[in-house]
Amino acid sequence: MIRIELQSVVVLSVALAASFATALTIRHLDGGEAAMAASSEIAASPATGTTTQVVKGPDGHYWAQAKIDGRAVQVLVDTGASVVALTRADARRLGVDPAPEAFTGKVQTASGVVRAAPVRLKTISVAGVRVNDVEALVVEEGLAYSLLGMSYLGRLSAFEATPTGLTLRP
């Protein structure tokens with residue numbers, strides 16, 4: 001069972017939305033629904049590891065050094081993103097480089113509608129809290145940094161925002 005304290009989610013969401021000019025609100029507009037639905041059919045395993053905390057940055061955001069498929073990627077924790085979203089540059093560094101025809105989905109961001117390619121990541125670990133087989137999108141352009149969205153966070157037993165940090169519970 002996933003336990004998410006509503007007050008924490010609301011506070012975190014409002015803070016992120018207010019100050020994150022390029023916040024990604026994943027809203028599939030066309031083409032991507034079938035691919036994302038098909039990828040969601042794989043049974044999701046729960047997170048593993050030990051409870052940890054991501055310290056709030058000086059800018060008020062929750063930044064994390066994630067290990068995605070074994071490589072370090074700086075991500076912004078974004079509860080408003082329904083899935084993990086990778087910049088094209090981060091995806092390429094991870095060895096994920098979708099062909100132009102793979103950008104079948106369209107998503108709504110704060111910067112407007114952009115194309116995205118659905119992908120599946122083998123593992124994402126944040127400070128030892130690991131989730132396997134994670135649904136994600138590679139955003140073609142317009143995303144300043146990669147986002148740790150609900151396709152990772154929703155697999156945790158709980159996460160809780162506090163004034164100083166974000167606690168992740170596998």
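You'll find the structure just up there.
The notes below deal with the structure included here.

Rules behind the numbers
Residues numbered from 1 in each chain as written. Predicted model: local features only at pLDDT ≥ 70, side-chain atom pairs only at ≥ 80, totals over all residues. Heavy atoms only, no water. Buried < 20%, exposed > 50% of the residue type's maximum accessible area, 1.4 Å probe, protein only. Helix = DSSP H or I, 4+ residues; strand = E, 2+ residues; numbered from the N terminus. Pairing = 2+ DSSP bridges. Polar contact = N/O pair within 3.5 Å; in protein donor to acceptor, adjacent residues only side chain to side chain. Core = buried A, V, L, I, M, F, W, Y, C linked by side-chain atoms within 4.5 Å. Contact = heavy atoms within 4.5 Å. Phe/Tyr/Trp six-rings, centres within 6.5 Å; stacked < 30°, edge-to-face > 60°.

1. A short note on the pairing of strand β5 (residues 84-87)
- Burial of β5 is two-sided: the residues Val84 and Leu86 facing one way and the residues Ala85 and Thr87 facing the other way are all buried.
- Note: β5 against strand β8 (residues 129-139), four bridges, orientation parallel. Each bridged residue has a counterpart across the sheet, and for Leu86 the counterpart in β8 is Val138.

2. Comments concerning the environment of Ser157
- Positionally, Ser157 belongs in the loop between α4 (150-153) and β10 (158-161).
- C-alpha of Ser157 to C-alpha of Thr51: the two residues are 106 residues apart in sequence and 10.0 Å apart in space.
- Here Pro170 takes part through its backbone oxygen, which lies 2.6 Å from a polar atom of the side chain of Ser157.

3. Comments concerning unusual backbone geometry
- Here the phi dihedral of Asp69 falls at roughly 50 degrees; this positive angle occurs in a residue that is not glycine.
- Accessibility expressed as a relative area gives 29% for Asp69, which makes it partly exposed.
- With phi around 50 degrees, Ala127 is a residue other than glycine that occupies positive phi space.
- In this structure, Ala127 sits in the loop between β7 (112-126) and β8.

4. What to know about the nonpolar core
- Grouped together as the largest cluster of nonpolar side chains are 33 residues, with contacts concentrated most on Ile124, Tyr152 and Leu168.
- Excluding its chain neighbours within four sequence positions, the residues that come into contact with Leu168 are Thr50, Thr51, Thr52, Val54, Val126, Val129, Tyr152, Leu153, Leu156, Ala158 and Phe159.
- Counting eleven residues, the second largest nonpolar core, distinct from the first, contains Ala85, Val139, Leu143 and Leu147.

5. Structural notes on the packing of aromatic side chains
- Under the definition given, this model contains one aromatic pair.
- A centroid spacing of 4.9 Å and a plane angle of 80 degrees characterise the contact between Trp63 and Tyr145, whose relative ring orientation is edge-to-face. Residue Trp63 is located in strand β3 (residues 63-68), and its partner Tyr145 is located in the loop between β8 and β9 (146-148); the two are separated by 82 residues in the primary sequence.

6. Quick word on the pairing of strand β11 (residues 165-169)
- Of all five residues that make up β11, four are buried, and the element is covered over most of its length.
- In this structure, strand β2 (residues 52-55) lies alongside β11, joined through four bridges in antiparallel fashion. When the sheet's bridge partners are listed, Gln53 is paired in β11 with Thr167.
- Where β10 meets β11, four bridges bridge the pair, whose relative direction is antiparallel. Looking at the pairing, Ala158 lines up with Arg169 of β11.
- Once β10 ends, the chain turns through three residues before running back antiparallel as β11.

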